Amino acid sequence: MTTEPVPPAPADRHGPAAATVLVGALLVLVGIGWLLDAGGVEVPWRAVLPAALIAVGLACVAGAFQGRQHAMMVVGVVLTVVLAVAAAANWDLEVPLAGGVGDRTERPATPAQLTTYELGVGDLVVDLRQLQVPPGITAVAARVGAGELVVQVPDGVSVEAVARAGVGQVQVFGEQESGLGSRIDLIGDAAGRGTLRLDLRVGVGQVRVEQ
(Lines give C-alpha, C1' and ligand atoms only; values in the text may rest on other atoms or scores of the structure.)
Protein backbone atom coordinates (compact mmCIF):
# COMPACT_ATOMS: atom_id res chain seq x y z
CA MET A 1 0.00 0.00 0.00
CA THR A 2 1.45 3.31 -1.09
CA THR A 3 0.96 6.41 1.05
CA GLU A 4 0.57 9.57 -0.92
CA PRO A 5 2.57 12.52 0.40
CA VAL A 6 0.56 15.19 2.16
CA PRO A 7 0.75 18.45 0.22
CA PRO A 8 2.15 21.37 2.22
CA ALA A 9 -0.29 23.90 3.57
CA PRO A 10 -0.66 26.91 1.32
CA ALA A 11 1.32 29.93 2.43
CA ASP A 12 -0.64 32.67 4.05
CA ARG A 13 -0.80 35.36 1.42
CA HIS A 14 -2.75 37.77 3.55
CA GLY A 15 -0.86 40.92 4.43
CA PRO A 16 -0.78 42.47 7.89
CA ALA A 17 -4.05 43.76 9.26
CA ALA A 18 -4.85 47.37 8.50
CA ALA A 19 -5.18 48.11 12.21
CA THR A 20 -1.67 46.80 12.87
CA VAL A 21 -0.15 48.87 10.07
CA LEU A 22 -1.92 52.07 11.09
CA VAL A 23 -1.20 51.70 14.80
CA GLY A 24 2.46 51.07 14.00
CA ALA A 25 2.58 54.14 11.75
CA LEU A 26 0.97 56.29 14.46
CA LEU A 27 3.49 55.06 17.04
CA VAL A 28 6.33 55.95 14.68
CA LEU A 29 4.80 59.40 14.06
CA VAL A 30 4.36 60.14 17.76
CA GLY A 31 7.83 58.79 18.53
CA ILE A 32 9.44 61.05 15.93
CA GLY A 33 7.49 64.02 17.24
CA TRP A 34 8.54 63.23 20.81
CA LEU A 35 12.19 62.94 19.76
CA LEU A 36 12.08 66.27 17.93
CA ASP A 37 10.35 67.92 20.89
CA ALA A 38 13.01 66.59 23.26
CA GLY A 39 15.67 68.02 20.93
CA GLY A 40 14.17 71.49 21.14
CA VAL A 41 12.31 71.43 17.81
CA GLU A 42 8.81 72.88 17.98
CA VAL A 43 6.32 70.15 17.05
CA PRO A 44 2.83 71.20 15.82
CA TRP A 45 0.88 68.80 18.05
CA ARG A 46 -2.23 70.90 17.36
CA ALA A 47 -2.14 69.57 13.77
CA VAL A 48 -0.53 66.15 14.33
CA LEU A 49 -3.13 64.78 16.76
CA PRO A 50 -6.26 65.71 14.75
CA ALA A 51 -4.62 64.34 11.59
CA ALA A 52 -3.97 61.05 13.38
CA LEU A 53 -7.58 60.92 14.57
CA ILE A 54 -8.85 61.51 11.00
CA ALA A 55 -6.62 58.68 9.73
CA VAL A 56 -8.00 56.31 12.38
CA GLY A 57 -11.57 57.31 11.54
CA LEU A 58 -11.06 56.69 7.82
CA ALA A 59 -9.49 53.30 8.59
CA CYS A 60 -12.51 52.38 10.74
CA VAL A 61 -14.90 53.31 7.93
CA ALA A 62 -12.91 51.28 5.38
CA GLY A 63 -12.56 48.35 7.75
CA ALA A 64 -16.29 48.28 8.48
CA PHE A 65 -16.83 46.64 5.07
CA GLN A 66 -14.36 43.84 5.90
CA GLY A 67 -15.14 43.07 9.52
CA ARG A 68 -15.02 44.51 12.99
CA GLN A 69 -12.23 46.90 13.83
CA HIS A 70 -12.03 46.76 17.63
CA ALA A 71 -8.35 47.75 17.76
CA MET A 72 -8.95 50.81 15.60
CA MET A 73 -11.88 51.86 17.77
CA VAL A 74 -9.68 51.69 20.88
CA VAL A 75 -7.01 53.83 19.21
CA GLY A 76 -9.68 56.31 18.13
CA VAL A 77 -11.11 56.60 21.64
CA VAL A 78 -7.64 57.20 23.12
CA LEU A 79 -6.86 59.91 20.56
CA THR A 80 -10.25 61.52 21.19
CA VAL A 81 -9.54 61.70 24.93
CA VAL A 82 -6.10 63.22 24.30
CA LEU A 83 -7.61 65.82 21.95
CA ALA A 84 -10.36 66.66 24.44
CA VAL A 85 -7.80 67.27 27.18
CA ALA A 86 -5.66 69.41 24.86
CA ALA A 87 -8.67 71.46 23.75
CA ALA A 88 -9.84 71.93 27.36
CA ALA A 89 -6.38 73.25 28.21
CA ASN A 90 -6.55 75.63 25.20
CA TRP A 91 -3.53 73.85 23.64
CA ASP A 92 -1.13 76.25 25.38
CA LEU A 93 0.19 74.33 28.38
CA GLU A 94 3.53 73.65 26.67
CA VAL A 95 4.40 71.04 29.28
CA PRO A 96 7.75 69.27 28.85
CA LEU A 97 7.97 65.82 27.27
CA ALA A 98 11.63 65.80 28.25
CA GLY A 99 13.06 67.20 31.48
CA GLY A 100 13.77 64.07 33.47
CA VAL A 101 11.91 61.69 35.76
CA GLY A 102 11.85 61.68 39.57
CA ASP A 103 11.54 64.16 42.43
CA ARG A 104 13.48 67.42 42.47
CA THR A 105 13.75 70.47 44.73
CA GLU A 106 15.12 73.84 43.60
CA ARG A 107 16.12 76.58 46.08
CA PRO A 108 17.33 79.70 44.24
CA ALA A 109 18.65 82.44 46.52
CA THR A 110 19.13 85.28 44.01
CA PRO A 111 17.34 86.33 40.80
CA ALA A 112 20.48 85.38 38.83
CA GLN A 113 19.95 81.75 39.84
CA LEU A 114 16.42 81.64 38.46
CA THR A 115 15.69 79.64 35.31
CA THR A 116 12.74 77.91 33.68
CA TYR A 117 12.24 74.81 35.81
CA GLU A 118 11.08 71.71 33.92
CA LEU A 119 10.38 68.10 34.88
CA GLY A 120 8.90 65.40 32.65
CA VAL A 121 7.42 63.07 35.28
CA GLY A 122 7.57 63.39 39.06
CA ASP A 123 7.29 65.98 41.83
CA LEU A 124 8.99 69.36 41.46
CA VAL A 125 9.33 71.75 44.42
CA VAL A 126 10.51 75.30 43.74
CA ASP A 127 11.34 76.81 47.15
CA LEU A 128 11.52 80.61 46.82
CA ARG A 129 11.33 81.38 50.54
CA GLN A 130 15.01 82.40 50.67
CA LEU A 131 14.92 84.28 47.36
CA GLN A 132 16.10 87.89 47.56
CA VAL A 133 13.25 89.55 45.68
CA PRO A 134 14.28 93.00 44.38
CA PRO A 135 11.87 95.89 43.76
CA GLY A 136 9.92 95.46 40.57
CA ILE A 137 8.81 92.21 38.93
CA THR A 138 10.68 88.91 39.18
CA ALA A 139 9.37 86.24 36.80
CA VAL A 140 9.46 82.52 37.65
CA ALA A 141 8.30 79.77 35.25
CA ALA A 142 7.93 76.08 36.04
CA ARG A 143 6.54 73.12 34.05
CA VAL A 144 5.77 69.50 34.92
CA GLY A 145 4.50 66.98 32.37
CA ALA A 146 2.89 64.58 34.83
CA GLY A 147 3.10 64.86 38.61
CA GLU A 148 3.02 67.61 41.20
CA LEU A 149 4.40 71.14 41.07
CA VAL A 150 4.76 73.01 44.37
CA VAL A 151 5.98 76.61 44.60
CA GLN A 152 6.72 78.06 48.03
CA VAL A 153 6.88 81.87 48.15
CA PRO A 154 8.40 84.18 50.79
CA ASP A 155 6.44 86.44 53.11
CA GLY A 156 6.19 90.15 52.46
CA VAL A 157 6.20 90.06 48.65
CA SER A 158 3.42 90.56 46.15
CA VAL A 159 2.53 87.45 44.14
CA GLU A 160 0.99 87.36 40.68
CA ALA A 161 0.27 83.88 39.37
CA VAL A 162 -1.15 82.03 36.40
CA ALA A 163 -1.41 78.37 37.45
CA ARG A 164 -2.80 75.77 35.05
CA ALA A 165 -3.33 72.01 34.83
CA GLY A 166 -4.55 70.15 31.76
CA VAL A 167 -6.07 67.41 33.89
CA GLY A 168 -5.93 67.70 37.66
CA GLN A 169 -6.04 70.27 40.43
CA VAL A 170 -4.75 73.80 40.98
CA GLN A 171 -4.41 75.35 44.46
CA VAL A 172 -3.24 78.91 45.04
CA PHE A 173 -3.27 80.14 48.65
CA GLY A 174 -6.41 78.17 49.50
CA GLU A 175 -8.27 78.83 46.27
CA GLN A 176 -8.83 75.61 44.34
CA GLU A 177 -9.95 74.45 40.89
CA SER A 178 -10.02 70.88 39.57
CA GLY A 179 -11.00 68.95 36.47
CA LEU A 180 -10.11 69.55 32.82
CA GLY A 181 -8.32 72.76 31.95
CA SER A 182 -8.09 73.98 35.56
CA ARG A 183 -6.73 77.50 35.91
CA ILE A 184 -6.33 80.14 38.62
CA ASP A 185 -5.22 83.72 37.94
CA LEU A 186 -3.96 85.66 40.95
CA ILE A 187 -3.51 89.44 40.89
CA GLY A 188 -0.72 90.68 43.10
CA ASP A 189 -0.94 93.09 46.03
CA ALA A 190 1.07 96.24 45.32
CA ALA A 191 1.86 96.57 49.04
CA GLY A 192 4.71 94.03 48.80
CA ARG A 193 8.36 95.05 48.58
CA GLY A 194 8.66 93.31 45.24
CA THR A 195 6.52 91.19 42.95
CA LEU A 196 6.87 87.54 42.01
CA ARG A 197 5.19 86.74 38.70
CA LEU A 198 4.59 82.97 38.52
CA ASP A 199 3.81 81.04 35.35
CA LEU A 200 3.06 77.46 36.42
CA ARG A 201 1.83 74.59 34.25
CA VAL A 202 1.20 70.87 34.72
CA GLY A 203 -0.09 68.50 32.05
CA VAL A 204 -1.56 65.86 34.36
CA GLY A 205 -1.40 66.29 38.12
CA GLN A 206 -1.44 69.12 40.63
CA VAL A 207 -0.16 72.69 41.00
CA ARG A 208 0.19 74.25 44.46
CA VAL A 209 1.31 77.71 45.50
CA GLU A 210 1.88 78.19 49.22
CA GLN A 211 3.89 80.14 51.76
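Look up: the structure comes first, before these words.
Residues numbered from 1 in each chain as written. Predicted model: local features only at pLDDT ≥ 70, side-chain atom pairs only at ≥ 80, totals over all residues. Heavy atoms only, no water.

Colleague: Looking at this structure, how should I read the overall build of the protein chain?
Modeller: The helix and strand inventory of the protein chain stands at 3 helices and 6 strands. Listing every helix and strand of the protein chain by position from the N terminus yields α-α-α-β-β-β-β-β-β. The buried share of the protein chain, taken over its 211 residues, is 32%. Here the contacts in the protein chain between residues at least 6 apart in sequence split such that 63% fall between residues at least 24 apart. Accessible area for the protein chain stands at about 12,400 Å²; split by element, carbon and sulfur atoms hold 61% of it. (Helix = DSSP H or I, 4+ residues; strand = E, 2+ residues; numbered from the N terminus. Buried < 20%, exposed > 50% of the residue type's maximum accessible area, 1.4 Å probe, protein only. Contact = heavy atoms within 4.5 Å. Areas by Shrake-Rupley, 256 points an atom, 1.4 Å probe, with all protein chains shown as cover.)

Colleague: Would you take a moment to explain the environment of L186 for this structure?
Modeller: Within the secondary structure, L186 sits in strand β5 (residues 175-186). L186 sits 25 residues away from A161 along the chain, and the two C-alpha atoms are 4.8 Å apart. Beyond its immediate sequence surroundings of up to four residues, L186 is in contact with V159, E160, A161, V172 and F173.

Colleague: Help me out: how do you make sense of the nonpolar core in this one?
Modeller: In summary, soluble globular proteins display a tendency toward joint burial of nonpolar side chains. Judged by nonpolar contacts, the single largest core of 28 residues is most densely connected at L128, L149, L196, L198 and L200. Excluding residues that lie within four positions of it along the chain, L128 makes contacts with P108, L114, V140, V151, Q152, V153, P154, L196 and L198. (Core = buried A, V, L, I, M, F, W, Y, C linked by side-chain atoms within 4.5 Å.)

Colleague: Any chance you could explain the sheet that holds strand β1 (residues 104-106) here in plain terms?
Modeller: The strands making up a sheet are joined through hydrogen bonds of the backbone, oriented either antiparallel or parallel. Strand order across the open sheet formed by 6 strands is β1-β2-β3-β6-β4-β5, with mixed pairing between neighbours. The sheet is open, and its two edges are formed by β1 and β5, each paired on a single side. Neighbour to neighbour, the strand axes of the sheet diverge by 15 degrees on average, direction disregarded. Of the pairings in the sheet, the one linking strand β4 (residues 158-172) to strand β6 (residues 195-210) comprises 14 bridges and is parallel in character. (Pairing = 2+ DSSP bridges. Axes fitted to C-alpha atoms, helices over the stretch in contact; angles between N-to-C directions.)

Colleague: Which parts of the structure should I look at to understand the environment of E148?
Modeller: Following the sequence through the fold, E148 ends up in strand β3 (residues 137-152). In the structure, E148 is positioned 23 residues away from V125 in sequence and 8.2 Å away in space, judged by C-alpha atoms.

Colleague: Looking at this model, I keep getting lost on the side chain of Q152. Mind explaining?
Modeller: Take Q152: it is sitting in strand β3. Q152 gets classed as buried once you look at its relative accessible area, which sits at 14%. Among the polar contacts made by the side chain of Q152, one reaches the side chain of R129 at a distance of 3.3 Å. Beyond its immediate sequence surroundings of up to four residues, Q152 is in contact with V125, V126, D127, L128, R129 and E210. (Polar contact = N/O pair within 3.5 Å; in protein donor to acceptor, adjacent residues only side chain to side chain.)

Colleague: Honestly, the pairing of β4 in this entry has me stumped. Any pointers?
Modeller: Strand residues, when the strand is regular, have side chains that alternate between the two faces of the sheet. Note that β4 and β5 share 11 bridges and pair antiparallel. Along β5, the bridge assignment pairs A165 with S182. If you look at the hairpin formed by β4 and β5, you'll find 2 residues sitting between the two strands, and F173 has a positive phi there, around 50 degrees.

Colleague: What's the story with the environment of Q211 in this structure? I'm lost.
Modeller: One can find Q211 in the segment after β6. For the pair Q211 and V151, spaced 60 residues apart in the sequence, the C-alpha separation amounts to 8.3 Å. Look past the residues within four positions of Q211 in its chain and what remains in contact with it is V153, P154, D155 and F173.

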